[in-house]
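Fold and contact review
The lines below spell out each chain.
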Amino acid sequence: MNAVEPIVFLVDDDQLFRRSTERLIRTAGLNVQPFSSARDFLKSPRPEGPACLVLDVRMPGLSGMDLQRELAQSGFHIPIIFITGHGDIPTSVRAMKAGAVEFLTKPFRSRVLLDAIRAAIERDRSALQKQSETRELRERYEQLTPREREVMTLVAKGLLNKQVAGELSTTEATIKFHRAHIMQKMRANSLADLIRMVEKLGSSRQR
Amino acid sequence: MSFATGVPGRLRRPQRWPDMQVQFEHPAEEIKRLRRCINDLVSVIALPAMWSGSDRSQIVRTLLDVLLEMLHLDLVYVRLQEPTAEAPIEMAQVAQPQSLKAGPQQIGELLHRCLGEDPQNWPASVRNRIGDQDISIVPLRLGLQGEIGFIVAGSQRLDFPGQTERLLLSVAANQATIGLQEARLLSEQKRIAKELDQRVAQRTSELATANEELKKEVAERRRAEEAVRESERNTRLILDSIPGLVATLTPVGDVETVNKQLLEYCGRTLEELKQWGTSATVHPDDLPHVIDRIRQSITSGDPYDFETRIRRSDGIYRWFQVCGLPLRHPDGRIARWCFLHTDLDERKRAEQALQRSEAFLAEGQHLARMGNFSWRVATDEIAWSEQLYHIFEFDQGMTVTLELIGSRVHPEDISMMNDMINLARGGVDFEFEHRLLMPDRSVKHLHLIAHPSRNADGQLEYLGAVQDVTQRKLAEEALDKVRSELTHAARVTSLGALTASIAHEVNQPLGSIINNANACLSLLAHGTPQLNEIREALTEIIQGTDQASAVISRVRQLVRKAPSERTVLNLRDVVADVLVLARHEFAARQVTILTELAEDLPPVAGDRVQLQQVLLNLVVNGMEAMNATEASKRALVIRGRPEIRDKERVVLLTEQDFGIGFKHDEMDRLLEAFYTTKPQGMGMGLAISRSIIEAHGGRLWAETNQGPGAIFLFSLPAAGKTNS
């Protein structure tokens, strides 16, 4: 997975600015792919590796904010660095709330952009990592029977076997049996390990 | 009785007398002879009685005839000394004219030769040859000394003259002398009487002539007198019909006569008028001067001329011009004075009114800071009113010349002024404004207007007025300044709405520049720099700089407080200018902007910034009007096309939005100042826009849309001549 090079997507309708930014990013040693419009970007294939999007706020047609919304809706959680010619507070707040990693006002220091890009890529890289871990957990979770899932949820809540048995109207022994299966299927080394896994599964359910 | 025709009838035919001695020898014969002699003597003595009343030539002729016949003479000659005539009367008779063919003068000469010159020494008789005969001639003196003349009798007979013949001859001579003397006397008497008659006649005629002349003279005098009377009548008539009051004064100044008008005017008699000095005829205030002046004139003999108030019969004093002239005798003495009084009252009143009106004018000019002038172009004679001296700050009465005026004219306006003067010499109306530079370095603004006219001599003359418009000019400048500040404020306000857009337009290239610069830096940090990449980056840096500065200069133009400047421009460029600044605002507000500008849009003359301001204002208004409009329907359309309006070629520009629009009854107020529909609006934008367009000779108005929204339109006259 680490073999895939990170990539920086750049969407800006202003050719001069787009080209200079592209050049800046490229000379910083990063892969960069420029687009002159949001539509063009949407048509392009999604990256496999870590990536980030440098996006102009105001553009004719589909604006930066529109694109952010559309990406979120389609589940493409790429970190977005907004750049704008004229930053106004309401717009930046709205963008940050919608998950933007950075909001830069032109003209900005090149280092600031590059740092933001690197941070975003790292963030995406870890997000991707987390995402693949969650995916494995889920695959394991999928192997659990409905009874095992019920037991695991209650165990993860910190209930004792006896309490779980009482909750599910069964015997403590049965619970112990299920628990052993769960630990095996989920490849959990300890109860704490399992609890962390359940938390991860729970938090990722929305994604 | 006429003696000229023949011998008097009483006379017997003369007979030849025998010699005396013979008679004595024959007594009978002797008696007969004596008788005959006596008869002859009686005849001779009777001659004077016959001659009575005859003239001398008749007497002489008779005498000659009688003697020739009586004495049987061959020749008889008479010469009468004529005291009054130069030539004597000579007469001759010959018995046989054929033997002596000679006239009396020749005979007289012959006889003189025989007798000698002096009659006193003549012989009693002499025999001589006369003609072809020998004749005895006897000369006889007439008068004692022969003073009357003489008679010469001649006969061929040798015995001639006999005694009786001599007697007869002498008696005849005496008788002839008596007769001739009587005849002379008579003729003298006749002559005298005639002369007397002539003198009487002459005198009578002279008297008649004199009488005639006298008559003529009398008639002449009568006519002259009549003429004098007529002339006096005419004079009186003239005096009485002169439209003025006339009085004549004696050389010492007493009133002599006055005309009817004067009597009627004063309502006084001549006798009263003679006392004018004490009868209040002349206004009491004028009287001392009048008396003084009249005395001066009378003493010096100089004409009198003075304006005086004279009392009318109704007691009102009227102004008169009184002119007195001395009328002189041929020798130069003053005969009398003639005083003419001309009623001046109307003129005086008019003069006073004129003076008042002139005073008003002067006051008015003072208040209006305005003066008049006249300028004769041919001679450059210039006349100024008083106020003009004040304006130019020259002393009153200085001689005004073009040079003098030029010395005050602002140096920068001198050439314009000279141009105007040259133009004016052609006789055209002219009007211009120029400045004066006063000695204290202050500047005055003058407005001059002048019209040409031809004066009485047909010369070109300008009449004009000059107004000191400095204060108005300063006020105008102040007003212009305020107006321009307001316009500027409105412009900045409009621009304020586009701040974000403008910032974007500037920041975009700035960001690009920074990026490229940093890219270059990191490229250079590498051991082997990619020069191509660096070159590209630098090129883009320059592009970015240009782009940013272009935007900044557009904004600066709009923000700058620049004086209005007209150029020929195309509204397409103005639209582009505005849209560049606004496009990001449109993008941000999701307003679609559409332009439909005709390719053949004619240029207009205008101030680019002000026209940008108008369009900016319309575009911002339109944009803001669509705040509440559904995003997909937000659009702003700008159209431009040439049109003919009121026969004039104009460029029409329209701005259409689909916003809230306005109600029809708001239309009129929309363009008024301080009318706004926006909570934070000043209500100045459209009013200022309209004043800008109107200052460009155009029109700005609004129309409601078919659907939602509004259309704002303005038209500007196309610049230059028609172009296809």
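1. Focus: the overall build of chain A
- From N to C terminus, chain A includes 9 helices and 5 strands.
- In chain A, the succession of α and β elements from N to C terminus is β-α-β-α-β-α-β-α-β-α-α-α-α-α.
- In chain A, buried positions account for 34% of the 207 residues.

2. Section: the overall build of chain B
- If you tally the helices and strands in chain B, you get 19 helices and 22 strands.
- Relative to its 724 residues, chain B shows a buried fraction of 30%.

3. Quick notes on the nonpolar core
- Ranked by internal contacts, the top residues of the largest apolar core, which has 85 residues, are Val54 and Ile81 of chain A.
- Not counting residues up to four positions away in its chain, the partners in contact with Val54 of chain A are Val8, Phe9, Leu10, Thr21, Ile81, Ile83 and Ile117 of chain A.
- Listed in part, the 43 residues of the second largest apolar core include Val66, Leu71, Ala92 and Ile137 of chain B.

4. Quick notes on the packing of helix 6 (residues 146–156) of chain A against helix 7 (residues 161–168) of chain A
Residues and elements named next belong to chain A.
- Relative orientation of the contacting elements helix 6 and helix 7 amounts to 130 degrees, with a least axis distance of 10 Å. What the angle tells us is that helix 6 and helix 7 run oblique. As helix 6 packs across helix 7, the resulting crossing turns out to be right-handed. Contact with helix 6, carried on its side by Glu150, Val151, Leu154 and Val155, involves Val164, Glu167 and Leu168 of helix 7 and no other residues of that element.
- Partitioned by chemical class, the residues of the contact of helix 6 with helix 7 number 5 nonpolar, no polar and 2 charged.

5. Digging into the sheet that holds strand 8 (residues 304–311) of chain B
Residues and elements named next belong to chain B.
- Across the sheet, 5 strands lie side by side as 7-6-10-9-8; this open sheet has antiparallel pairing. In the strand order of this sheet, the two ends are held by strand 7 (255–258) and strand 8, each with one partner. Taken pair by pair, the neighbouring strands of this sheet meet at an average axis angle of 30 degrees, ignoring direction.

6. Section: helix 9 (residues 345–368) of chain B
- Here helix 9 of chain B is 24 residues long and its end C-alpha atoms lie 33 Å apart, about the 34 Å a rise of 1.5 Å per residue gives.
- Just beyond helix 9 of chain B, the residue with positive phi is Arg369 of chain B, at close to 50 degrees.

7. What about the sheet that holds strand 5 (residues 149–155) of chain B?
Residue and element names in this part refer to chain B.
- Spatially, the 5 strands line up as an open sheet ordered 2-1-5-4-3, and their pairing is antiparallel. In this open sheet, the two edge strands, each paired with only one partner strand, are strand 2 (89–94) and strand 3 (126–130). On average, each strand axis in the sheet is inclined to that of its neighbour by 25 degrees, with strand direction left out of account.
- Note that strand 1 (residues 75–80) and strand 5 share 6 bridges and pair antiparallel. For Tyr77, the partnering residue across the bridge sits in strand 5 and is Val152.
- Along the sheet, helix 5 (residues 163–241) contacts strand 1, strand 4 (133–142) and strand 5; its crossing angle with strand 4, the most-contacted strand, is approximately 45 degrees.

8. A look at the interface of chain B and chain A
- Facing the 25 residues of chain B at the interface are 20 residues of chain A.
- Those elements that place two or more of their residues in the side of chain B that touches chain A are helix 14 (499–525), helix 15 (531–559) and helix 16 (571–588) of chain B.
- The dominant element in the side of chain B that touches chain A, judged by the number of residues it contributes, is helix 14 of chain B, at 16 residues.
- Residue composition of the side of chain B that touches chain A, by class: 10 nonpolar, 13 polar and 2 charged.

9. Looking at unusual backbone geometry
- Along the chain, Lys106 of chain A connects to Pro107 of chain A via a cis peptide bond; the corresponding omega equals -10 degrees.
- We note that Asp380 of chain B has phi near 55 degrees; this positive angle belongs to a residue other than glycine.
- Examined against the element boundaries, Asp380 of chain B turns out to sit in the loop between strand 11 (370–376) and strand 12 (381–384).
- Phi at Asp646 of chain B is positive, roughly 50 degrees, even though this residue is not glycine.
- For Asp646 of chain B, a count of 7 C-beta atoms within 10 Å translates into the label exposed.

10. Some words on the pairing of strand 4 (residues 80–84) of chain A
Residue and element names in this part refer to chain A.
- Counting buried positions along strand 4 gives 5 out of 5 residues, so the element sits mostly inside the fold.
- Both faces of strand 4 are covered, namely the face carrying Ile80, Phe82 and Thr84 and the face carrying Ile81 and Ile83.
- Across 4 bridges, strand 3 (residues 51–56) lies against strand 4 in parallel orientation. Looking at the pairing, Asp56 lines up with Ile83 of strand 4.

11. Considering the confidence of the model for chain B
All names here are of chain B.
- Here chain B averages 82 in pLDDT, and 93% of its residues register 70 or above.
- Throughout residues 1–14 the model reports pLDDT below 50, and contacts reaching past four residues in sequence, or to other chains, amount to 18 contacts.
- Interface scoring of the predicted complex returns ipTM 0.72; its pTM is 0.45.

12. Considerations on the pairing of strand 4 of chain B
Residues and elements named next belong to chain B.
- Where burial is concerned, most of strand 4 is hidden: 7 out of the 10 residues are buried.
- Relative to strand 4, strand 3 runs antiparallel, the two sharing 5 bridges. Each bridged residue has a counterpart across the sheet, and for Arg129 the counterpart in strand 4 is Asp134.
- Here strand 3 hands over to strand 4 after 2 residues, with Gly131 in that stretch at a positive phi of 65 degrees.
- Bridge analysis of strand 4 against strand 5 gives 7 bridges, and the strand direction is antiparallel. Across the sheet, the residue bridging to Arg141 is Phe150, located in strand 5.
- Linking strand 4 back to strand 5 in an antiparallel pair, the connection comprises 6 residues, with Gly143 at a positive phi of about 85 degrees.

What counts and how
Residues numbered from 1 in each chain as written. Chains lettered and ligands numbered in written order. Predicted model: local features only at pLDDT ≥ 70, side-chain atom pairs only at ≥ 80, totals over all residues. Helix = DSSP H or I, 4+ residues; strand = E, 2+ residues; numbered from the N terminus. Buried ≥ 20, exposed ≤ 12 C-beta atoms within 10 Å, placed from the backbone. Core = buried A, V, L, I, M, F, W, Y, C linked by C-beta atoms within 7 Å. Contact = placed C-beta atoms within 7 Å. Axes fitted to C-alpha atoms, helices over the stretch in contact; angles between N-to-C directions. Parallel < 35°, antiparallel > 145°, perpendicular 65-115°, else oblique. Left-handed = near helix turned anticlockwise from the far one by under 90°. Nonpolar A, V, L, I, M, F, W, Y, C, P; charged D, E, K, R; others polar. Pairing = 2+ DSSP bridges. Expected span 1.5 Å × (residues − 1). pLDDT = per-residue confidence, 0-100.

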